[in-house]
Amino acid sequence: MNPLPSRRAALAALLALGCAASVHAQADKPLRLIVPLAAGSTVDAVARAIAPGFGKATGHPVVVENIVGAGGIPGTTQVTKAPRDGLTLGMISSNHVINPGIYKTIPYDSLKDITPIAVLATVPLVLVVNPALPVKSVPELVAYAKANPGKLNYGSAGNGSTLHLAGELLVSETGIDMKHVPYRGTGPLITDLIGGQVQLGFVSVSQVGPQVKAGALRALAVSTPARSPALPDVPTVAESGVPKYSFDAWIALIGPAGLPKAIVDKDYAAVRSAMAAPEAQGVLAAQGLTVLDTGPDVAPAFFQSELAKHQKLVKQSGATLD
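Remember, predicted model here, so these are calculated numbers, not experimental data.

Colleague: Just checking my understanding: could you explain the packing of aromatic side chains for this structure?
Modeller: Note on aromatic pairs: each is described by the distance of the centres and the angle between the planes. Enumeration according to the criterion identifies four aromatic pairs in this entry. For the ring pair Phe 202 and Tyr 245, a centre distance of 5.9 Å and an interplane angle of 5° mean the geometry is stacked. Residue Phe 202 is located in strand β8 (residues 200–204), and its partner Tyr 245 is located in the loop between β9 (218–222) and β10 (249–256); the two are separated by 43 residues in the primary sequence. This pair shows no difference in class: Phe 202 is buried, exactly as Tyr 245 is. Among the aromatic residues, those joined into a ring-pair cluster are Trp 250, Phe 302 and Phe 303.

Colleague: Looking at this model, I keep getting lost on helix α4 (residues 95–102). Mind explaining?
Modeller: Residues that lie three or four places apart on an α-helix share one face, since the helix turns once every 3.6 residues. Among the eight residues in α4, six count as buried, and that is most of the element. Where α4 is concerned, the buried positions are Asn 95, His 96, Val 97, Ile 98, Asn 99 and Ile 102. In this structure, the buried residues of α4 make contact with α3 (73–80), β3 (88–93), β4 (114–123), α6 (162–174), β10 and α11 (299–317).

Colleague: Before we go on, may I ask you to explain the packing of helix α7 (residues 186–195) against helix α8 (residues 205–214) in this structure?
Modeller: The axes of two packed helices give the description: the angle between them and the distance between them. It is at 11 Å that the axes of α7 and α8 come closest, and there the two elements cross at 20°. With respect to their mutual orientation, α7 and α8 come out roughly parallel. Crossing geometry of α7 relative to α8 is assigned as right-handed. From α7, Thr 186, Ile 190 and Ile 194 reach across to α8, where they touch Gln 207, Val 208 and Gln 211.

What counts and how
- Residues numbered from 1 in each chain as written.
- Predicted model: local features only at pLDDT ≥ 70, side-chain atom pairs only at ≥ 80, totals over all residues.
- Heavy atoms only, no water.
- Phe/Tyr/Trp six-rings, centres within 6.5 Å; stacked < 30°, edge-to-face > 60°.
- Helix = DSSP H or I, 4+ residues; strand = E, 2+ residues; numbered from the N terminus.
- Buried < 20%, exposed > 50% of the residue type's maximum accessible area, 1.4 Å probe, protein only.
- Contact = heavy atoms within 4.5 Å.
- Axes fitted to C-alpha atoms, helices over the stretch in contact; angles between N-to-C directions.
- Parallel < 35°, antiparallel > 145°, perpendicular 65-115°, else oblique.
- Left-handed = near helix turned anticlockwise from the far one by under 90°.

In structure tokens form, the structure reads like this:
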């Protein structure tokens, strides 16, 4: 009896077993979902809400990792330098297209060094004023500001933040003269808005909804093209006599540049599935987000457009951080 065929069969079986084990080991590897913002932020809340469903759909347990500092640059840097195996992704915000204008040096190109997978949602902002300010609409605010040039202060979460640029766009579109007061975060800003140290500012709908309903702040308009379901009776800025005004923050899923199309398509399908889960839907609603369906075919053009828009506003504002 010739033992060669049986040895070949045994070798083939061992190789097949080894390949299967390798595939299983790869599937068991965790997927790092880097959030370059603090735990508890809106982006972090979305990342943690979709992590279970995203992990199930991709076959990799998802580990959400917060790497904070410098407008998200350190965390995003790790995404851009990650292997192209799909096991390191990033969930970023609008800061990604703001940073090139306010930091002198960034260790990556905001367009060339990433692979956009999906733009997941927008974060509606609401223009609120302290109730002591005698205005109840955007037209009244514009009239008051023009009658009192330089006397109004609008606050933001910091130089070059989305809240700062939302206010800068209002200044640009209406021609009013207001002073910008940067804060170290949204919490102190809201405290001083209620206290009257600053008269107005843009803040995310979810962060001031309770204060608006309680009468501690007055909502004049939302920044987005459509009204927010969380504040259905509050008009948009565009509805309020500033037709070209449209501004919102956003959340996107990215990978390193050159991520293979097969991985991108799989991740896009997985994140759509994860976003549709009831648990995730509850978190998205609580954050006042507007869910988008902007996939990898159109996301690159979205990034290019947003970069151009935000860089123009940054230059106009004169904001700089280093």
